[in-house]
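Working through the structure, step by step
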Amino acid sequence: MDLKIIELVDKLGESIKKENIYKEFKEVENALNVSDEVKILSYKKDIAIMNYEDALSHYDKNSQEILDASKRMSEAIYALNQNEIVTNYNEKLAKLNDFLKEVSKELFGEIYDKN
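Residues numbered from 1 in each chain as written. Predicted model: local features only at pLDDT ≥ 70, side-chain atom pairs only at ≥ 80, totals over all residues. Heavy atoms only, no water.

As for the overall build of the chain
- Counting its regular elements, the chain contains six helices and zero strands.
- Ordered by position from the N terminus, the helices and strands of the chain form the series α-α-α-α-α-α.
- Each of the three principal axes of the chain carries a C-alpha extent, and together these read 60 × 35 × 20 Å.
- The proportion of buried residues among the 115 residues of the chain is 20%.
- In the chain, of all internal contacts separated by at least 6 residues, the share reaching a separation of at least 24 is 67%.
- Summed over its atoms, the accessible surface of the chain is roughly 8,900 Å², and 52% of this surface lies on carbon and sulfur atoms.
- Computing the positive centroid from 17 side-chain charges and the negative centroid from 24, the chain places the two 3 Å apart. (Helix = DSSP H or I, 4+ residues; strand = E, 2+ residues; numbered from the N terminus. Buried < 20%, exposed > 50% of the residue type's maximum accessible area, 1.4 Å probe, protein only. Contact = heavy atoms within 4.5 Å. Areas by Shrake-Rupley, 256 points an atom, 1.4 Å probe, with all protein chains shown as cover. Lys, Arg positive; Asp, Glu negative; His and termini not counted. Charge placed at Lys NZ, Arg CZ, Asp CG, Glu CD.)

Structure representation (structure tokens):
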């Protein structure tokens, strides 16, 4: 790749990192990564998913065991997704993705629109 293009891409990356939308995302991402509550909820979700998958390998898909495991899995996923830090993270991520999509459209125009 041409050195000039690499320099421009690097400059663009640095400019994006200076945007408030990026800074806000990184802040909430850090909060998510250090939250013990989120870690516990995520662990409970992972365990519920593993238990559901394990139940699927042992029971008929319409059995009470599967229904119970499915319910526990849904409840664990819901609890994680309702956490304030997680909802804030998801909102900031969606905004950042929209911003980056706009940047891509500006950079690639017709090429981007065809995909």
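With respect to the packing of aromatic side chains
- Within this structure, the stated rule accounts for one aromatic pair.
- Between Phe 25 and Tyr 89, the aromatic rings sit 5.5 Å apart at their centres with planes inclined by 40 degrees, giving tilted as the arrangement. With Phe 25 in helix 2 (residues 20–34) and Tyr 89 in helix 5 (residues 84–108), the pair connects residues that are 64 residues apart, well separated along the chain.
- Since its relative accessible area comes to 7%, Phe 25 is described here as buried.
- Taking the relative accessible area as the measure of exposure, Tyr 89 reaches 18% and is therefore buried. (Phe/Tyr/Trp six-rings, centres within 6.5 Å; stacked < 30°, edge-to-face > 60°.)

Notes on the pattern of salt bridges
- Counted by the stated rule, this structure contains four salt bridges.
- Between Lys 92 and Glu 24 there is a salt bridge, and its shortest N-O distance comes to 3.5 Å. Of the two residues, Lys 92 is situated in helix 5 and Glu 24 in helix 2; the sequence distance between them amounts to 68 residues.
- What makes Glu 24 partly exposed here is its relative accessible area of 38%.
- A salt bridge links Lys 71 to Glu 75, with the nearest nitrogen and oxygen atoms 4.0 Å apart. Of this pair, Lys 71 and Glu 75 both sit in helix 4 (residues 64–82), four residues apart, which is roughly one turn of the helix.
- For Lys 71, a relative accessible area of 53% translates into the label exposed. (Salt bridge = Lys/Arg side-chain N within 4 Å of Asp/Glu carboxyl O.)

Observations concerning the nonpolar core
- Of all hydrophobic cores here, the largest spans nine residues; its members are Phe 25, Val 28, Leu 32, Val 38, Leu 41, Leu 80, Val 86, Tyr 89 and Leu 96.
- Broken down by secondary-structure element, the contributors of at least two residues to this core are helix 2, helix 3 (36–58) and helix 5.
- Val 38 has contacts with Leu 32, Leu 80, Asn 83, Ile 85 and Val 86, leaving out every residue within four places of it along the chain. (Core = buried A, V, L, I, M, F, W, Y, C linked by side-chain atoms within 4.5 Å.)

Let's talk about the side chain of Glu 29
- With respect to the element layout, Glu 29 can be found in helix 2.
- At a separation of 2.7 Å, a polar atom in the side chain of Glu 29 contacts the side chain of Lys 26. (Polar contact = N/O pair within 3.5 Å; in protein donor to acceptor, adjacent residues only side chain to side chain.)

Focus on helix 4
- Taking 1.5 Å of rise per residue, the 19 residues of helix 4 would be expected to cover 27 Å, and the 27 Å separating its terminal C-alpha atoms lies within 8% of that figure.
- The complete set of buried residues in helix 4 reads Ile 66, Ala 69, Met 73, Ala 76 and Leu 80. Around the axis of helix 4, the buried residues are gathered within 95 degrees of arc, so they sit on the same side. Turned more than 90 degrees away from the buried face of helix 4, the exposed residues are Lys 71 and Tyr 78.
- Of the surrounding secondary structure, the elements contacted by the buried residues of helix 4 are helix 3 and helix 5. (Expected span 1.5 Å × (residues − 1). Arc of directions from axis to C-beta.)

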